[in-house]
Amino acid sequence: MVSFTHDGAGTPESHWRTWEHDRSAGDLQVEALFDGRLPARFLLLAAHPDDETLGAGGLLARLARDGVRCDVIVLTDGEGSHPDSPTHTPARLAEVRREEVLNAVQVLAPAARVSFEGLPDGGVADDAVAAVLRRELAVGEDTRTLVAAPWRGDGHPDHDAAGRAAAEVCTERDIPLLEYPIWLWHWGSVEEQEEELDGILLLPLGAEEHTRKESALATHVSQTQPLSDAPGDEVLLTPDVLEHFSRNVEAFFVTEGRSTFERLHRDHADPWEVAERFYEQRKRALTLAGLPRRRFCRTLEIGCSVGALTRELAAISDNLLALDTSETAVRRTNEALIMDDAASARLATVPRDWPREDGPFDLVVLSETGYFLSADQLDDVVRLILGSLDEDGVLVLCHWRHPIDGWELDGDAVHERVRRQSGLATLALHTEEDFLLEVLVPAPAVSVARREGLL
């Protein structure tokens, strides 16, 4: 257990600013935790009033702005913050701090629901927090819920208990968990916490998010200013402590839940029946027939599912790499490719895990995958494809044209957006009621007949 006092000499913020500048880990991408979508619900646990603002105020403001349902659960009333106060009883402090957190959340996320659990300040128990979280998750569908809680290693017993309980319940439910440190910045250091810090991701805050966070923090007057001039009423969050939360980023330890696609592949041997349906067999045959060359040197397939198309692409490729966000899908694809030493599947989420070192590719296949990305993510993927595509490379798109419930894009929108963002020319386009198949190449598009000297 870490031992520290809030008013003791702590680690200066300049120490952490250097670490923030030098660190190599990537930024937090919330959409990547939900297969390219925002969560439907954000459940923010605060051990005490003000934790919600200090640790995740910017994230709360962003998700609320983007239309995500936000619920803030305050586990204690923070009545123990000034145990020797001559002017405020614990009951009075509880009243004050409840009002402060309501005001703070009004600044950050006006439509958010705030609930108070009334657990004892300084005596939060793991099982009590777990019961609260299970109760909250029982309300509605939890498959697209994001939970944030204090970091289980933060050094304050209430924070640690909240983090441990959240980790237990989120692991049970396959729900992504973000743990935010608060006191780590005060007692820790880069050198002593090097191993833990390797697993932390930063969320850059926009100007509005940063401003809202600062305004919300100012509402916690009982913590940021002395209660009075009397001994026992000293300020709890000193200027040195507050400086840690003036950053333009927030930090989270991330535990990812199983993706939607992992659940699908885990529960169904062939979720889309691609092996047996004639529709799928015909579509694969048309995809291969639309390629402008017999063979390719290096092929990248983005989203392989159980590997039905992957096997056929491997047969015309000297080397093939397939990517998927589902561990089960990757395993099944590798089983299907077991006789081909030059083809393999890898667990990856694009654009985050783009295989830069494996290119360049002369064939990239984005089949039935583009609409599982947000518009911004798709734009990023297009830029990455252009940076990895050989000068004579081929990009193949194939997508279902009917509604895709719960996702931002549909098949037609994917093709139009890729065409516009890439600047590639359409070599072949096959349009049916059910799907679009498009072959894109660097301009000018030269037909197969012209390439073979027939014209």
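Keep in mind the model is a prediction, meaning the values are calculated, not measured. (Residues numbered from 1 in each chain as written. Predicted model: local features only at pLDDT ≥ 70, side-chain atom pairs only at ≥ 80, totals over all residues. Heavy atoms only, no water.)

Trainee: Let's hear about the overall build of the chain: which residues, and what values?
Mentor: When you go through the chain residue by residue, the secondary structure sums to 17 helices and 14 strands. With the C-alpha coordinates of the chain rotated into their principal frame, the extents come out at 95 × 40 × 40 Å. The proportion of buried residues among the 455 residues of the chain is 52%. In the form shown here, the chain has an accessible surface area of approximately 20,000 Å², with 50% of it arising from carbon and sulfur atoms. (Helix = DSSP H or I, 4+ residues; strand = E, 2+ residues; numbered from the N terminus. Buried < 20%, exposed > 50% of the residue type's maximum accessible area, 1.4 Å probe, protein only. Areas by Shrake-Rupley, 256 points an atom, 1.4 Å probe, with all protein chains shown as cover.)

Trainee: Describe the pairing of strand β4 (residues 145-150), naming the residues involved and giving the relevant values.
Mentor: Counting buried residues in β4 gives six out of six residues, a clear majority hidden from the surface. In this sheet, β4 lies alongside strand β1 (residues 41-46) in parallel orientation, the contact comprising four bridges. Along β4, the bridge assignment pairs Phe42 with Leu146. As defined by bridge partners, β4 adjoins strand β5 (residues 177-180) across four bridges and the pair is classed as parallel. Within the sheet, the bridge partner assigned to Val147 lies in β5 and is Leu177. (Pairing = 2+ DSSP bridges.)

Trainee: Describe the pattern of salt bridges, naming the residues involved and giving the relevant values.
Mentor: A complete count under the given rule lists 40 salt bridges for this structure. A salt bridge links Glu136 to Arg113, with the nearest nitrogen and oxygen atoms 2.7 Å apart. Of the two residues, Glu136 is situated in helix α4 (residues 126-137) and Arg113 in strand β3 (residues 113-119); the sequence distance between them amounts to 23 residues. Residue classification places Arg113 among the partly exposed residues on the basis of a relative accessible area of 34%. (Salt bridge = Lys/Arg side-chain N within 4 Å of Asp/Glu carboxyl O.)

Trainee: Any details on helix α5 (residues 157-173)? Residues and values, ideally.
Mentor: Because each turn of an α-helix spans 3.6 residues, side chains separated by three or four positions end up pointing in the same direction. The end-to-end C-alpha distance of α5 is 24 Å, a good match for the 24 Å that 17 residues give at a rise of 1.5 Å each. The set of residues buried in α5 consists of Asp158, His159, Asp160, Ala161, Ala162, Gly163, Ala165, Ala166, Ala167, Val169 and Cys170. Where α5 is buried, its residues contact β1, α2 (51-65), β2 (69-76), α4, β4 and β5. Following α5 by one or two positions, Asp174 has its phi on the positive side, about 60°. (Expected span 1.5 Å × (residues − 1). Contact = heavy atoms within 4.5 Å.)

Trainee: I'd like a description of the domain arrangement of the chain, backed by residues and values.
Mentor: The domains assigned to the chain are domain 1 (13-257) and domain 2 (262-452). Inter-centroid distance (C-alpha atoms) of domain 1 to domain 2 is 40 Å. Surface buried jointly by domain 1 and domain 2 totals about 880 Å² across both partners, of which 39% is contributed by carbon and sulfur atoms. Among the residues of domain 1 in contact with domain 2, Asp35, Arg37 and Asp174 are the three that bury the most area, contributing 42% of the side total. (Domains from an automatic or database assignment. Buried area = accessible area lost by both parts, 1.4 Å probe.)

Trainee: Tell me about unusual backbone geometry, residues and numbers included.
Mentor: A cis amide bond links Val350 with the next residue in sequence, Pro351, at an omega value of 10°. Within the element layout of this structure, Pro351 appears in the loop between β10 (343-347) and β11 (361-367). The linkage connecting Gly359 with the following residue, Pro360, adopts the cis geometry, with an omega of 0°. Note that Pro360 resides in the loop between β10 and β11. Despite not being glycine, Asp174 shows a phi value in the positive range, around 60°. In this fold, Asp174 is placed in the loop between α5 and β5. Judged by its relative accessible area of 14%, Asp174 falls in the buried class.

Trainee: Lay out the packing of α4 against α5 in plain terms, naming residues and giving numbers.
Mentor: Contact geometry for α4 and α5: axes closest at 8 Å, N-to-C directions at 40°. Judged on the interaxial angle alone, α5 and α4 are oblique. Crossing angle aside, the handedness with which α4 passes α5 is right-handed. From α4, Asp126, Val129, Ala130, Leu133, Arg134 and Leu137 reach across to α5, where they touch Ala161, Ala162, Arg164, Ala165, Ala166, Glu168, Val169, Cys170, Glu172 and Arg173. When the residues that make up the contact of α4 with α5 are grouped by side-chain class, the tally is ten nonpolar, no polar and six charged. (Axes fitted to C-alpha atoms, helices over the stretch in contact; angles between N-to-C directions. Parallel < 35°, antiparallel > 145°, perpendicular 65-115°, else oblique. Left-handed = near helix turned anticlockwise from the far one by under 90°. Nonpolar A, V, L, I, M, F, W, Y, C, P; charged D, E, K, R; others polar.)

Trainee: Account for the sheet that holds strand β7 (residues 249-255), with residues named and values stated.
Mentor: Read from one edge to the other, the open sheet built from seven strands follows the order β3-β2-β1-β4-β5-β7-β6, with strand pairing classed as mixed. Two strands close off the open sheet at either side, each with one partner strand: β3 and β6 (200-204). Taking each pair of neighbouring strands and ignoring which way they run, the sheet shows an average axis angle of 25°. Contacting β1, β2, β4 and β5, α5 runs over the sheet at an angle of about 155° to β4.

Trainee: If you had to explain the environment of Thr87 to someone new, which residues and values would you point to?
Mentor: Of note, Thr87 is situated in the loop between β2 and α3 (90-108). On a C-alpha basis, the gap between Thr87 and Gly232 in space is 8.8 Å, while along the polypeptide they are 145 residues apart. Setting aside residues no more than four positions away along its own chain, Thr87 makes contact with Leu227, Ser228 and Asp233. Engagement of the side chain of Thr87 in a polar contact is seen with the side chain of Asp233, the distance being 2.6 Å. (Polar contact = N/O pair within 3.5 Å; in protein donor to acceptor, adjacent residues only side chain to side chain.)

Trainee: Any chance you could break down the packing of helix α15 (residues 375-388) against helix α16 (residues 411-422) for me, citing the residues and the numbers?
Mentor: Across the interface, α15 lies against α16 with an axial gap of 10 Å and an inter-helix angle of 45°. Here α15 is positioned oblique relative to α16, judged by the angle of their axes. Here the hand of the crossing between α15 and α16 comes out right-handed. Listed contacts from α16 to Ala375, Leu378, Asp379, Val382 and Leu386 of α15 are Val414, Arg417, Val418, Gln421 and Ser422.

Trainee: Explain the packing of aromatic side chains to me, and be specific about the residues and the numbers.
Mentor: Within this structure, the stated rule accounts for eight aromatic pairs. On the basis of an interplanar angle of 90° and a centroid distance of 5.9 Å, the ring pair of Tyr279 and Trp400 is categorised as edge-to-face. One end of the pair, Tyr279, is in helix α12 (residues 278-289); the other, Trp400, is in strand β12 (residues 389-400), with 121 residues separating them in the sequence. Note on Tyr279: relative accessible area 23%, which makes it partly exposed. Joined through ring pairs, the aromatic side chains of Trp16, Trp19 and Trp185 make up one cluster. (Phe/Tyr/Trp six-rings, centres within 6.5 Å; stacked < 30°, edge-to-face > 60°.)

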